[in-house]
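A structural walkthrough
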Amino acid sequence: RSGWRLYFSQRGLWPSAFALSMLHLTVLSFGQQMTAYVMILGIDPALISLYRGVGEIFGLAATFAAPWLVKHLGWSSAYSAFLFIWFQ
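The structure contained in this document is the topic of the report that follows. Small disclaimer: the values here were computed from a predicted structure and weren't measured.

1. Topic: the overall build of the protein chain
- Looking only at helices and strands, the protein chain features five helices and zero strands.
- Sorting the 88 residues of the protein chain into buried and exposed places 7% on the buried side.
- Working note: accessible area of the protein chain is about 7,700 Å², and carbon and sulfur atoms make up 72% of it.

Dropping the structure here:
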């Protein structure tokens, strides 16, 4: 049976999974949901803020590092490095 047929045959599940995947492809993310979830678990809001701030710093660093890597390593080597970092 085809994977697509199996996916779309799950009438109660696929609309919400599809909506979440489309949300992930936009500038929105489910970061607010994760923050609310860990706050319900009792994690200190200062610690949550610290981790989110560190994540933003790494995101900004990657914005500037990616073009530099492509320029100095070439596209194919930089692409390999991006995949290696992404799957860590």
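2. Regarding helix H3 (residues 31-40)
- Among all positions in H3, only Gly31, Thr35 and Val38 are buried. One side of H3 carries all its buried residues, which in axial view fall inside an arc of 70°. Residues of H3 that are exposed and point more than 90 degrees away from the buried face comprise Gln32, Gln33 and Ile40.
- Taken together, the buried residues of H3 touch helix H4 (45-73).
- Looking one or two residues beyond H3, the residue adopting positive phi is Gly42, at roughly 100°.

3. Some words on a nonpolar patch on the surface
- Together, Met34, Tyr37, Leu41, Ile43, Leu47, Leu50, Tyr51, Val54 and Phe58 make up a nonpolar patch on the protein surface, roughly 940 Å² of accessible area in all.
- For the nonpolar patch, the elements supplying multiple residues, two or more each, are H3 and H4.
- With respect to the element layout, Leu41 can be found in the loop between H3 and H4.
- A relative accessible area of 54% places Leu41 in the exposed class.

Conventions and cut-offs
Residues numbered from 1 in each chain as written. Predicted model: local features only at pLDDT ≥ 70, side-chain atom pairs only at ≥ 80, totals over all residues. Heavy atoms only, no water. Helix = DSSP H or I, 4+ residues; strand = E, 2+ residues; numbered from the N terminus. Buried < 20%, exposed > 50% of the residue type's maximum accessible area, 1.4 Å probe, protein only. Areas by Shrake-Rupley, 256 points an atom, 1.4 Å probe, with all protein chains shown as cover. Arc of directions from axis to C-beta. Contact = heavy atoms within 4.5 Å. Patch = residues over 30% accessible without salt bridge, like charges linked within 9 Å, V, L, I, M, F, W, Y side chains within 5 Å. Salt bridge = Lys/Arg side-chain N within 4 Å of Asp/Glu carboxyl O.

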